[in-house]
Amino acid sequence: MVDLKTPAEIEQMRAAGRVVANALAAVKKSAAAGVSLRELDEVARDVLRSAGAVSLFEGYQPGFATSPFSGVICTSVNDAVLHGLPTDLRLQDGDLLNVDCGASVDGWCADSAISFCVGTPRAEDLELIATTEEALAAGIAAAVEGNRIGDIGAAIGRVGKRAGLGTNLDFGGHGVGRRMHEEPHVPNGGRPGRGLRLRAGHVFAIEPWFWTGPGSTYVIDDDGWTLRSADHTRGAHAEHTVAITADGPRILTVP
Ligand code: MG
Ligand code: MG
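I will try to describe carefully the structure that is included in this document. Everything quoted here is computed from the prediction, not taken from an experiment.

About the criteria used
- Residues numbered from 1 in each chain as written.
- Chains lettered and ligands numbered in written order.
- Predicted model: local features only at pLDDT ≥ 70, side-chain atom pairs only at ≥ 80, totals over all residues.
- Heavy atoms only, no water.
- Donors = N, O, S within 2.8 Å, 3.2 Å for Na, K, Ca; no water.
- Helix = DSSP H or I, 4+ residues; strand = E, 2+ residues; numbered from the N terminus.
- Buried < 20%, exposed > 50% of the residue type's maximum accessible area, 1.4 Å probe, protein only.
- Pairing = 2+ DSSP bridges.
- Axes fitted to C-alpha atoms, helices over the stretch in contact; angles between N-to-C directions.
- Phe/Tyr/Trp six-rings, centres within 6.5 Å; stacked < 30°, edge-to-face > 60°.
- Core = buried A, V, L, I, M, F, W, Y, C linked by side-chain atoms within 4.5 Å.
- Contact = heavy atoms within 4.5 Å.
- Parallel < 35°, antiparallel > 145°, perpendicular 65-115°, else oblique.
- Left-handed = near helix turned anticlockwise from the far one by under 90°.
- Nonpolar A, V, L, I, M, F, W, Y, C, P; charged D, E, K, R; others polar.
- Polar contact = N/O pair within 3.5 Å; in protein donor to acceptor, adjacent residues only side chain to side chain.
- Salt bridge = Lys/Arg side-chain N within 4 Å of Asp/Glu carboxyl O.

1. A few points about the coordination of the magnesium ion (ligand 2)
Moving on, step 1. Taken together, the protein donors to the magnesium ion (ligand 2) comprise D111 (OD), H174 (NE2), E207 (OE) and E239 (OE), at separations of 2.1 to 2.2 Å.
Moving on, step 2. If you list the donors of the magnesium ion (ligand 2) from N- to C-terminus, the spacing comes out as D-x62-H-x32-E-x31-E.
Moving on, step 3. The two metals, the magnesium ion (ligand 2) and the magnesium ion (ligand 1), are separated by 3.2 Å and share D111 as a common coordinating residue. Here E207 lies in the loop between β8 (203–206) and β9 (209–211) and D111 lies in strand β5 (residues 108–117), a separation of 96 residues in the sequence. Of the two residues, D111 and E207, both sit in the buried class.

Laid out in structure tokens, this is it:
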């Protein structure tokens, strides 16, 4: 069942989205060589706390996880791309860091992720990040009334394929509302013109993730969470929570 949010509910999700965006911006500002992932988690934690927001990640334990998540952000470095646990690992110059954050305010959720380079970037990492952001923009542009869910996935997949990036469709976007993960699944690929017809009031997290490739398989670390490319190529992830409105897609996870 995919429910429609009222304009007032979307405003509440916008409030959560602002907090998430601020937390991600603070983490990006603090990320530097020598800083640990756990310290970055503290930075995000402070932003959530001072805004009266509740983490959606801490204590979360979906079916695939062997233990509850212990951070308020996912911090995935280099060949890790999703669900990275914030550990004592210290960032190094040239690392590619993927940060994901989810929070609720007054029971309404928002979910967003960014990828960026620490210190001196590698050209190929900048290109990977730019393409991932381009895929997110293409997915958002397809999130309009009258389109179908498959149009979002197809738009994302087209960008990744054109750039020759490694893709895996196991994880993707999702409905967002009172819970972080609601129906429907929003795929990062597939054929256009299929699936749920989009209506004003739908709110989705759209979240492409790619590897420099060519591999498309992953391994999970012993921590039960951190998802890493099997061939150790680097990955990037970009995510926004987006409301479909009569005036077009509205990104909720901006400052
Ligand atoms: Mg997320
Ligand atoms: Mg998400």
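2. Here we look at the sheet that holds strand β6 (residues 173–175)
Moving on, step 1. Pairing is antiparallel in the open sheet, where five strands are placed in the order β7-β6-β8-β13-β14. This sheet does not close on itself; its edge strands, each paired only once, are β7 (182–186) and β14 (248–251). On average, each strand axis in the sheet is tilted by 30 degrees relative to the strand beside it, whichever way the strands run.
Moving on, step 2. Summarising the sheet, β6 and β7 pair through three bridges and their orientation is antiparallel. Its bridge partner being in β7, H174 is matched across the sheet by H185.

3. Here we look at the packing of aromatic side chains
Moving on, step 1. In the structure shown here, the tally under the stated rule is six aromatic pairs.
Moving on, step 2. Consider the rings of F64 and F171, whose centres lie 5.5 Å apart with planes at 75 degrees: the pair is edge-to-face. Within this pair, whereas F64 is found in the loop between β1 (54–55) and β2 (73–77), its partner F171 is found in the loop between α4 (149–162) and β6, the two being separated by 107 residues in sequence.
Moving on, step 3. Note on F64 and W225: the rings are 5.5 Å apart at their centroids and 75 degrees apart in plane angle, and the pair reads as edge-to-face. Of this pair, F64 sits in the loop between β1 and β2 while W225 sits in the loop between β10 (218–220) and β11 (227–229); the two residues are 161 residues apart in sequence, bridging distant segments of the chain.
Moving on, step 4. Here W225 falls in the buried class, since its relative accessible area comes to 4%.
Moving on, step 5. Ring-pair connections join several aromatic residues into one group, and the members of that group are F57, F64, F69, F171, Y218 and W225.

4. Points about the nonpolar core
Moving on, step 1. Formed by 27 residues in total, the largest nonpolar core has its most connected members in L40, L48, I73, L91, L97, V99 and C101.
Moving on, step 2. Secondary-structure elements contributing two or more residues to this core are α1 (7–30), α2 (37–50), β2, β4 (96–105) and β5.
Moving on, step 3. Among the elements that line this core, the one with the most residues is α1, at seven residues.
Moving on, step 4. If near-sequence neighbours (up to four positions away) are discounted, V99 is found in contact with L24, V27, I73, C74, S112, A113, I114 and F116.
Moving on, step 5. C117, L136, A143 and L165 belong to the second largest nonpolar core, which has 24 residues in total.

5. Focus on the packing of helix α3 (residues 123–141) against α4
Moving on, step 1. Two numbers describe how α3 lies on α4: the axes approach to 8 Å, and their chain directions differ by 155 degrees. When the axis of α3 is compared with that of α4, the two are roughly antiparallel. When the axes of α3 and α4 are compared, the crossing they make is right-handed. Of the residues in α4, those touching α3 at T131, E134, A135, A138 and G139 are I152, A155, I156, V159 and R162.
Moving on, step 2. Tallied by class, the residues present in the contact of α3 with α4 amount to six nonpolar, two polar and two charged.

6. Considerations on the side chain of T226
Moving on, step 1. Tracing the backbone through its elements, the reader meets T226 in the loop between β10 and β11.
Moving on, step 2. A distance of 3.3 Å separates the side chain of T226 from the backbone nitrogen of L85, its partner in a polar contact.
Moving on, step 3. Discounting residues that sit within four places of it in the chain, T226 has contacts with A80, L82, H83, G84, L85, V219, I220 and D221.

7. As for the pattern of salt bridges
Moving on, step 1. Within the structure shown, the criterion is met by 14 salt bridges.
Moving on, step 2. In this structure, R45 engages D41 in a salt bridge whose closest nitrogen and oxygen atoms are separated by 2.8 Å. With R45 and D41 both in helix α2 and four residues apart, this pair spans about one turn of that helix. Residues R45 and D41 agree in their burial class; the two are buried.
Moving on, step 3. Connected through shared salt-bridge partners, D41, E42, R45 and E58 make up one network.

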